[in-house]
Each structure stands twice: as structure tokens, then as C-alpha cells.
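So the chains spell out like this:
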Amino acid sequence: MPTIALQNADKSYGANAANAVSNLNLEIGDGEFMCLLGPSGCGKTTTLRMIAGLEHLSAGRIAIGDRVVDCVASGTFVPPERREMGLVFQSYALWPHLTIERNIDFGLRLRRVSKAEREACVDRVMRTLGIEQYRKRYPSQLSGGQQQRVALARMLAVNPDVLLLDEPLSNLDARLRLEMRAELKRLHEEFKTTIVFVTHDQWEAMTLATLIAVMSEGELQQVGTPNDIYDRPANRFVAEFVGSPPINIIEMDTGPATGLTALAQDYLTSHYPQLTEIGSVGLRPEAIAAVSSRAELPAGHLSGEMRISGILPTGGSWILELEAADAKLFLTIHQPPRFRVGDTGFFHVAPQALHVFDRQGRRSAMADEQLRPSELGTVRKMAGCREVA
């Protein structure tokens, strides 16, 4: 399947309405598992529907390889049925009067595939998804998770070049969602199908995607691998949206600094004097460590005194609430805590684990970018994003 390219794509639903999607530039390569991630109303489903041909662009173009399928300037529009894509909706949209077998082979019948080939294909995808025992049942006789597998099987049976999934797991319980994530991952590796997956669930995106496109208010914020998105967020929105527990944010006031803000400001000023116009500093909970004495603090780390104000077990890990100066920090550990509520000690964070953002919320280069001191604070360009200072 050639690359799917959205160029300066806009979607508006009226002159007085804000754009659902604004100036979107995105490339989806052959065999990619691309997750469109963001909160409700960010434009991810609209983007999926534009790729599918269910929505017309208001401006820009969409091309599949050398073939333009939607272009406002030239008046080109290729209808959905000619784009050779499969779409699985959040509601499974199964035919209630057809058996599971007939639901799965529905697309093959429309394509006039021979009976022998049709039966072989249906048998293969049903075995792959573990639903062959339900072939004579009707959708109403299946659970939500089983219906979801049928909807996926129906799309896989016609072997589309691109599989578009619009939050297909949102109606499933937690255990079944985990099983279906593993199933989708395996199917992608087996069929090598290009998948575009819409979700608001960050862990769904992190565990499934080869690339994640984070969106907010109709605009693309960052494109990158799951590790890129988590370890090097392009801006404060991405940093705060991805991560559970959420990232700790230290606001850097423009006036006289006190407490934790002063601690962070003094550290950055002494270690990275060329970083200017700092708006905030982010600390991932798992990047924070706690020790009992000052002698245990590693050299060169951001550190300070703290008091344990809460311990929250989550089953397999613990969240510790720290009172540090005038603020609260949350850290996560995977071993039983050696502290008790009310204990005092010290926290510390390695410099490469600090996420520094300017006053516009854009990422500033830090030690994790492996820049020389003279280069700190210079422009860094994240994949799919505008340059950030």
C-alpha cells in the first residue's frame, strides 16, 4: 500500500464554527500501525473519516501514493467504495439477520468471490480470531467482545489495503480490551496491513502503535514512536496528556520564586544557564526517587527535602505523595515502600529526566537531547511538528 499523505487538510462544519481539523500534514507509511490519539473533540475521528472518504475536505488534499483521492483545489473526490479501505466503527454495525459466517463473507459476496475461495478465507480469519465456533450464531447471541471480533473478521476477510478503526475497543471491559489489544498487535504483524486506529486511551496507543499522532483542538501536536511521545514530548500538552499518573508540573513564575519553583529555577540557572524563558518543568512520577538522607543524593541531580504525605497502593506498584517545599509531587515505585506516611527525606531527579517547556508550552532542549552547553536551548525539531525553541 502506498503512503497516505494528508497535506494542509482542513475540515470546517460552517463559517461560524471552529475548524474540526486545521492545516493537518500527516504521512502514514505502508504497513504502519498509526494511532490518532487525543481527547474528545480533538479531530481524530474526523481525520479518520476524511481518509475513508466519509467526509469531504474543506481545504487541502489527501493522496494515496501518486493517486489524489480528495483535493479541494482541483475538485477531485474518490468515493469511499473506490479507496480500497476497511472501516470498523465503534458500534460494530453487524447485520442482525445474518449469521456470523454470512456477516464475515458479506464483502466477499459483493466482490463475487468464488464459493470455495470465500469459504477458505472465512475459515482462515475465523480461526485467527478464535470465533469459528460461532459461525452459525447471530450477532444478538454473542457478547460485545465476540461481536467486535466478528467486525474485525469481516474487514480482514476482504483483505483491505488499509484498516481504519474508530475506537473499536471502547465498549469492552478491561480484561477483554487487553486481550483485543494483543490480538490486534498480532494481526498487524501477521497480515502487515496498514492500520489507522483512533483512540483517546493513551495506553492503547502506547501498546499498539508503531507511530502515534497526538492531536488537540484540531491541530497535530506531535508524531513519533511511543518512546518519542513519552520520553521527548514536543510540548506541554503532549507531556500532560500522556502518562499515568500524570506528569508533575512545576510552574516557573515570572515574579520572585519561592519553594519548589525557586529550587528548580536555581538548579536550571546553575546547570543550564543558556536555557531562558522557562515557563514550566515536568517531572515524570517514575523518574523521581526518594532517599532517607542527604548523603544518598547523587551529584548533579535536582533534589530537595520532602515529606511523605500519602501512600497509594495500586496492585503491583505504589504511588507516593510528597510534600516538597510549597508543592506536591507524585512518584511511582514498583517495590514495597520503605517509607511511612509522615516520614521525611529527600527526593531527586536526574537531569536527563527533566522536561523543560518555554512560556508558550514548547519543549526546550535539555540534557536528554545530548547537546553541548553552547547548544542548549536551541531549536529542536520533532517529527511532524513545527520547530520549538
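Note that the structure is predicted; figures quoted are calculated from it, not measured.

**As for the overall build of the chain**
Link 1 in the chain: If you tally the helices and strands in the chain, you get ten helices and 19 strands.
Link 2 in the chain: In terms of its C-alpha atoms, the chain occupies a principal-axis envelope of roughly 75 × 50 × 40 Å.
Link 3 in the chain: By residue count, 52% of the 389 residues in the chain fall in the buried class.
Link 4 in the chain: Long-range pairs, those at least 24 residues apart, make up 65% of the contacts in the chain between residues at least 6 apart in sequence.

**Considering the layout of surface pockets**
Link 1 in the chain: Its volume calculated, the largest pocket comes out at about 590 Å³.
Link 2 in the chain: What lines the largest pocket is a set of 20 residues, among which Glu 81, Met 85, Gly 86, Leu 87 and Met 155 lie closest to the centre.
Link 3 in the chain: Elements with a minimum of two residues in the lining of the largest pocket: β7 (85-88), α3 (106-110) and α5 (144-157).
Link 4 in the chain: Residues belonging to the lining of the largest pocket are distributed by class as follows: 14 nonpolar, two polar and four charged.

**Some words on the sheet that holds strand β19 (residues 354-358)**
Link 1 in the chain: With antiparallel pairing, the three strands of this open sheet are ordered in space as β12-β13-β19. Unpaired on one side and paired on the other, β12 (248-251) and β19 mark the two borders of the sheet. The mean inter-strand angle of the sheet, taken between neighbouring strand axes irrespective of direction, is 25°.
Link 2 in the chain: Summarising the sheet, β12 and strand β13 (residues 278-283) pair through four bridges and their orientation is antiparallel. If you follow Ile 250 over to β13, its bridge partner there is Val 281.
Link 3 in the chain: Against the sheet, helix α10 (residues 259-271) engages β12, β13 and β19, with an angle of about 85° to β12.

**Here we look at the sheet that holds strand β2 (residues 21-28)**
Link 1 in the chain: With respect to topology, five strands assemble into an open sheet ordered β2-β1-β4-β5-β6, the strand pairing being antiparallel. Strand pairing shows two members of the sheet lacking a second neighbour, β2 and β6 (76-77), which therefore form its edges.

**Observations concerning α10**
Link 1 in the chain: If you check α10, its first and last C-alpha atoms are 19 Å apart, about what 13 residues at 1.5 Å a residue would give, namely 18 Å.
Link 2 in the chain: Burial in α10 covers these residues: Leu 260, Thr 261, Ala 262, Ala 264, Tyr 267 and Leu 268.

**What to know about the packing of helix α4 (residues 115-129) against α5**
Link 1 in the chain: For the pair α4 and α5, the least separation of the axes is 9 Å and the interaxial angle reads 140°. For the element pair α4 / α5, the angle class is oblique. Classified by chirality, the crossing of α5 by α4 is right-handed. Contacts between α4 and α5 involve Cys 121, Val 125 and Leu 129 on the former and, on the latter, Arg 149, Leu 152, Ala 153, Leu 156 and Ala 157.
Link 2 in the chain: Its residues assigned to classes, the contact of α4 with α5 shows seven nonpolar, no polar and one charged.

**Structural notes on the confidence of the model for the chain**
Link 1 in the chain: Averaged over all residues, the pLDDT of the chain equals 87, while 93% of them reach at least 70.
Link 2 in the chain: Segment residues 367-389 is flagged for pLDDT under 50; beyond a separation of four residues in sequence, or across chains, it makes 52 contacts in the model.

**Comments concerning the packing of α5 against helix α6 (residues 174-191)**
Link 1 in the chain: The N-to-C vectors of α5 and α6 enclose an angle of 15°; their axes lie 11 Å apart at closest approach. With respect to α6, the axis of α5 lies roughly parallel. The handedness of the crossing between α5 and α6 comes out as right-handed. For the pair formed by α5 and α6, the contact residues are Gly 145, Gln 148, Arg 149, Leu 152 and Leu 156 on the first element and Leu 176, Glu 179, Met 180, Glu 183, Leu 184, Leu 187 and Phe 191 on the second.
Link 2 in the chain: Looking at the contact of α5 with α6 residue by residue, the class counts come to seven nonpolar, two polar and three charged.

**Digging into unusual backbone geometry**
Link 1 in the chain: A cis amide bond links Ser 244 to the next residue, Pro 245, at an omega of -5°.
Link 2 in the chain: Among the structural elements, Pro 245 can be located in the loop between α9 (236-241) and β12.
Link 3 in the chain: Positive phi, normally seen in glycine, also occurs at Arg 112, with a value near 60°.
Link 4 in the chain: For Arg 112, the position within the fold is in the loop between α3 and α4.
Link 5 in the chain: The class of Arg 112 is exposed, set by a relative accessible area of 77%.
Link 6 in the chain: Backbone geometry at Glu 217 places phi at a positive 50°, although glycine is not the residue there.
Link 7 in the chain: With a relative accessible area of 68%, Glu 217 lands in the exposed category.

**Observations regarding the environment of Leu 312**
Link 1 in the chain: Structurally, Leu 312 is set in strand β15 (residues 302-313).
Link 2 in the chain: As for Leu 312 and Pro 80, which are separated by 232 residues in sequence, their C-alpha atoms are 50 Å apart.
Link 3 in the chain: For Leu 312, the residues in contact, after removing those within four places along its chain, are Ser 317, Trp 318 and Ile 319.

Criteria and cut-off values
- Starting from 1, residues in each chain are numbered consecutively following that chain's sequence as written.
- Local features are withheld for residues below a pLDDT of 70 in this predicted model, meaning they are given only at 70 or higher, and side-chain atom pairs are given and counted only at 80 or more; totals for whole chains, interfaces and linings count all residues.
- The side-chain numbers reported here are obtained from all heavy atoms of the structure, hydrogens and water having been left aside.
- Only DSSP runs of H or I covering at least 4 residues are called helices, and only runs of E covering at least 2 are called strands; the numbering of each starts at the N terminus.
- Burial classes follow relative accessibility: with a 1.4 Å probe on protein chains only, a residue under 20% of its type's maximum area counts as buried, one over 50% as exposed, and anything between as partly exposed.
- Any two residues whose heavy atoms approach within 4.5 Å at even a single point are treated as in contact.
- Buriedness for pockets is judged along seven lines, at least five of which must meet protein on both sides within 12 Å for an open set on the 1 Å grid over protein atoms alone, while cavities are sets there where a 1.4 Å probe fits but cannot get out, and lining residues have an atom within 4 Å of a point.
- Grid points are joined across faces, edges and corners, and a volume is the space filled by probe spheres set on the points.
- Gly falls in the polar group here, along with every residue not listed as nonpolar (Ala, Val, Leu, Ile, Met, Phe, Trp, Tyr, Cys, Pro) or charged (Asp, Glu, Lys, Arg).
- Each pair of strands is called paired provided DSSP finds at least two bridges between the two strands.
- Inter-axis angles, ranging from 0 to 180 degrees, are taken between N-to-C directions of lines fitted to C-alpha atoms, where helices are fitted over the stretch in contact.
- Multiply 1.5 Å by the residue count of a helix minus one, and that product is the helix's expected span.
- Here roughly perpendicular refers to angles of 65 to 115 degrees, roughly parallel to angles under 35, roughly antiparallel to angles over 145, and oblique to all remaining angles.
- Working rule for handedness: look at the near helix, and if it is turned counterclockwise from the far one by less than a right angle, call the crossing left-handed; if clockwise, right-handed.
- What pLDDT conveys is the predictor's confidence in a given residue, as a value from 0 to 100.

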